Amino acid sequence: KAFFTLLDRMVSEVLLPVALLLLSLIPITTTAMNSATAVKLAMNPYRFRVAIIGGGVSGCASARRLAQLSPSAEITLYEIGRGPGGRASTRKTRSHPHLYINHGSPYAEVRSDSGRSLLSSLGPSSVAPFLGARGFLNSDTGEFLLENSVADGDKSHYVTGANGEMSEIAASLIRGIPSIDAKYKTMVRGLSRAQNGAWELKDKHEQVIGTADWLVVAGSGIAHPRWSDAFGGAPPLIAAEHESPDPKLRTALDAIAEQQVSLVLAVFFSCSGSAAREWLSLEYDVADVEGSSVLAKVIIQGGTKNDGSEWCSVVLHSTEDFALQNTGVYGASSSAARVGDASSDSLQEESLIKKMAAALNEIPGVPAIITRSDESKNTTPSSSQQFNYDYGPVLHRWGNAFPKGRALPEDLSFLSSSQVAFCGDYVATSEHARFGSFESALLSGTVSGEKIAKFYSE
């Protein structure tokens, strides 16, 4: 009887995790970790708790890798949004199930072998090639210049999520992994260290909503002074370091504080029928706008409904200067406003939507759009304007999504002294992924998961 009990424990606690690793996990090891090391880590039965703040690509990649290498780890992912993805998320609505809007990143650019290998391991049901036309749109002439990456020797790999939904990439990273508990529409407003050294995560009422041995900061929001402008008070991790000083953590926080972001206002809407056909007939899917003081990018997505009719979504990104001139607006439907209580002026939102729509209407050859404020004035639209929006126009502010400056060095991204790891597009990687890119988020998240697993094996 004792023999069979021991055998049962070996199968459930050792052999099964290793088998799962060999079947599906080893192919996505980074260059920093070989397969033999991965197998050794997976055999470690030590139980520990990890809280990941941020459910974007980096947070999901960190959770996935950690779960693969430490099957016994208890991983909780906290995300303020409705679902995973962060800047690579997809806006959807129950009233129009066919509709999806990639209002941040319409596609991802991956250059490294490690990045390609990881995405390939997710399979075609999660990741698909991005085949849309990319290029540059002259705002004065309406002329579009196709970006010819192949001719220029660009070895980049461009991908999107399954069915064109960018959020599918992040979702597939954590889907079906029982040790990962994802808590959406949840905002961490405070952090502190308990007497036993564990991290305590708190909500806006200062109630503890979770505890963890390790903290993964997937996105610089809780660690950057800009937090105070949107939500008030000191950034949670900065406040925690003041209460429990750690020189290394302080150095990392100082480095993060020097980073800036390129603010972006996004306006998006969807249409169907003849209006959708007008947009879909244009020769581009993603166009960087040149010569406009208001618009920086136009993103067009579309498809066919179940009834055979066409639909289309359009996303407008503002220039950084325009966003800087119009601060204090987050979008009434944004997670920052709904969950984080960031204040937003609805009248100013309408004004900004109208200004960005007007800038688009000035570009020759682009279908004209009409805003709600125009409709309220009984403005007679042109033939191209005569349609009802299926959704929108809606305004959204990307206030922490496009970092600029110097990446957080790798030696400051993993701090065993405070048991804090940083990952995201603001963190440097050994693959030298471009700062601020999807790939840097993907790889730094994967590495943070590996390092925490290794920490408990030594």
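**What to know about the overall build of the chain**
Phase 1: Within the chain, the regular secondary structure consists of 14 helices and 21 strands.
Phase 2: Among the 458 residues that make up the chain, the fraction classed as buried is 55%.
Phase 3: Long-range contacts, defined as pairs at least 24 residues apart, comprise 68% of the intrachain contacts of the chain with a sequence gap of at least 6.
Phase 4: When the accessible surface of the chain is summed, it comes to about 20,200 Å², and 51% of that surface belongs to carbon and sulfur atoms.

**Describing the packing of aromatic side chains**
Aromatic ring pairs are reported here in terms of the distance separating the ring centres and the angle at which the planes meet.
Phase 1: Considering all chains together, one arrives at 12 aromatic pairs under this definition.
Phase 2: Here the aromatic rings of Phe144 and Tyr284 are separated by 5.0 Å at their centres, their planes lie at 35°, and the arrangement is tilted. Of this pair, Phe144 sits in strand β6 (residues 144-146) while Tyr284 sits in the loop between α9 (273-280) and β15 (286-290), placing them 140 residues apart in sequence.
Phase 3: Through successive ring pairs, a cluster of aromatic residues spans Phe48, Trp214, Phe414, Phe455 and Tyr456.
Phase 4: Directly above the ring of Tyr107 sits Arg134, whose terminal nitrogen or CZ lies 5.6 Å from the centroid.
Phase 5: Across the ring face of Trp199, the terminal group of Arg193 is positioned such that the distance to the ring centre comes to 4.3 Å.

**Considerations on the sheet that holds strand β4 (residues 127-129)**
Think of a sheet as strands paired side by side through backbone hydrogen bonds, with each pair either parallel or antiparallel.
Phase 1: As summarised here, the arrangement of the three strands in space is β3-β7-β4, forming an open sheet in which the pairing is antiparallel. Of all strands in the sheet, those with a lone pairing partner are β3 (108-110) and β4, marking the two edges. The average angle at which neighbouring strand axes cross in this sheet is 45°, direction not considered.
Phase 2: Bridge count for β4 against strand β7 (residues 157-161) is three bridges, and the pairing is antiparallel. Residue Val127 lies in a different strand from β7, and its bridge partner there is Gly161.

**A word on unusual backbone geometry**
Phase 1: In this model, Gly392 is joined to Pro393 through a cis peptide bond whose omega is 0°.
Phase 2: By the element assignment, Pro393 lies in strand β18 (residues 391-398).
Phase 3: Positive phi outside glycine occurs at Lys185, with the angle close to 55°.
Phase 4: With respect to the secondary-structure elements, Lys185 resides in the loop between β8 (180-183) and β9 (190-193).
Phase 5: For Gln419, which is not a glycine, the phi torsion comes out positive at approximately 55°.
Phase 6: Take Gln419: it is sitting in the loop between β20 (414-415) and β21 (420-423).

**Let's talk about the sheet that holds strand β5 (residues 134-138)**
Phase 1: Strands sit in the order β6-β5-β15-β16-β17-β14-β18 across an open sheet of seven strands; the sheet is mixed. Edge positions in the sheet fall to β6 and β18, since each of these pairs with one other strand and no more. When the angles between neighbouring strand axes are averaged without regard to direction, this sheet yields 20°.
Phase 2: The sheet contact formed by β5 and β6 spans three bridges and is antiparallel. From the neighbouring strand, Gly135 faces β6, where its bridge partner is Leu146.
Phase 3: Across the sheet, α9 is in contact with β14 (264-272), β16 (295-304) and β17 (310-318); its angle to β17 comes to roughly 55°.
Phase 4: Together, β14, β16, β17 and β18 form the strand contacts of helix α12 (residues 346-361), whose direction differs from that of β18 by roughly 100°.

**Some details on the pattern of salt bridges**
Phase 1: According to the stated counting rule, one finds 15 salt bridges in the structure shown.
Phase 2: For the salt bridge of Arg65 with Glu450, the shortest nitrogen-to-oxygen distance reads 3.1 Å. Taken together, the positions of Arg65 in helix α3 (residues 57-69) and Glu450 in helix α14 (residues 438-455) put the pair 385 residues apart, joining distant regions of the chain. Across the pair, exposure class does not vary: Arg65 and Glu450 are buried alike.
Phase 3: As a salt-bridge pair, Arg87 and Asp425 come within 2.5 Å of each other at their nearest N and O atoms. Of this pair, Arg87 sits in the loop between β2 (74-78) and β3 while Asp425 sits in the loop between β21 and α14; the two residues are 338 residues apart in sequence, bridging distant segments of the chain.
Phase 4: The exposure class of Arg87 is buried, given its relative accessible area of 17%.

**Quick look at helix α7 (residues 236-243)**
Phase 1: Those residues of α7 that fall on the buried side of the exposure criterion are Pro236, Leu237, Ile238, Ala240 and Glu241.
Phase 2: Residues of α7 that are buried make contact with β9, β10 (199-202), β12 (214-218), α6 (227-231), α8 (247-257) and β21.

**Things to note about the packing of α3 against helix α5 (residues 167-174)**
Phase 1: One way to put it is that α3 packs onto α5 with a least axis distance of 8 Å and a crossing angle of 20°. Between α3 and α5, the angle falls in the class roughly parallel. Note that α3 runs across α5; the crossing there is left-handed. Across the interface between the two elements, Val57, Cys60, Ala61, Ala63 and Arg64 of α3 pack against Ala170, Ser172, Leu173 and Ile174 of α5.

**With respect to the environment of Gln348**
Phase 1: Position of Gln348 among the secondary structure elements: in helix α12.
Phase 2: With a relative accessible area of 26%, Gln348 lands in the partly exposed category.
Phase 3: Distance in space between the C-alpha atoms of Gln348 and Val329 is 7.4 Å, their sequence separation being 19 residues.
Phase 4: When residues no more than four places from it in sequence are discounted, the contact partners of Gln348 are Asn326, Thr327 and Val329.

**Section: the confidence of the model for the chain**
Predicted coordinates in areas of low pLDDT are best not read in detail.
Phase 1: In the predicted model, the chain carries a mean pLDDT of 86, and 81% of its residues have values of at least 70.
Phase 2: Every residue in residues 14-27 scores below 50 in pLDDT, and together they form 23 contacts with partners more than four places removed in sequence or on other chains.

**Concerning the environment of Tyr426**
Phase 1: Mapped onto the elements, Tyr426 comes out in the loop between β21 and α14.
Phase 2: Put simply, Tyr426 and Ala218 are 208 residues apart on the chain and 9.4 Å apart in space, counted from C-alpha to C-alpha.
Phase 3: Each residue touching Tyr426, except ones within four places of it in the same chain, is listed here: Val217, Gly219, Ser220, Ile256, Gln259, Pro403, Ala407, Leu408 and Phe435.

**Describing the packing of helix α4 (residues 113-122) against α5**
Each pair of packed helices can be summarised by the angle the axes make with each other and by the distance between the axes.
Phase 1: Where α4 meets α5, the closest approach of the two axes is 10 Å, and the angle between their N-to-C directions is 75°. Relative to α5, the element α4 is oriented roughly perpendicular. Residues Leu118, Leu119 and Leu122 of α4 touch α5, and the partners they reach there are Ile169, Ser172 and Leu173.

Conventions and cut-offs
- Residues numbered from 1 in each chain as written.
- Predicted model: local features only at pLDDT ≥ 70, side-chain atom pairs only at ≥ 80, totals over all residues.
- Heavy atoms only, no water.
- Helix = DSSP H or I, 4+ residues; strand = E, 2+ residues; numbered from the N terminus.
- Buried < 20%, exposed > 50% of the residue type's maximum accessible area, 1.4 Å probe, protein only.
- Contact = heavy atoms within 4.5 Å.
- Areas by Shrake-Rupley, 256 points an atom, 1.4 Å probe, with all protein chains shown as cover.
- Phe/Tyr/Trp six-rings, centres within 6.5 Å; stacked < 30°, edge-to-face > 60°.
- Lys NZ or Arg CZ within 6 Å of the ring centre and 35° of its normal.
- Pairing = 2+ DSSP bridges.
- Axes fitted to C-alpha atoms, helices over the stretch in contact; angles between N-to-C directions.
- Salt bridge = Lys/Arg side-chain N within 4 Å of Asp/Glu carboxyl O.
- Parallel < 35°, antiparallel > 145°, perpendicular 65-115°, else oblique.
- Left-handed = near helix turned anticlockwise from the far one by under 90°.
- pLDDT = per-residue confidence, 0-100.

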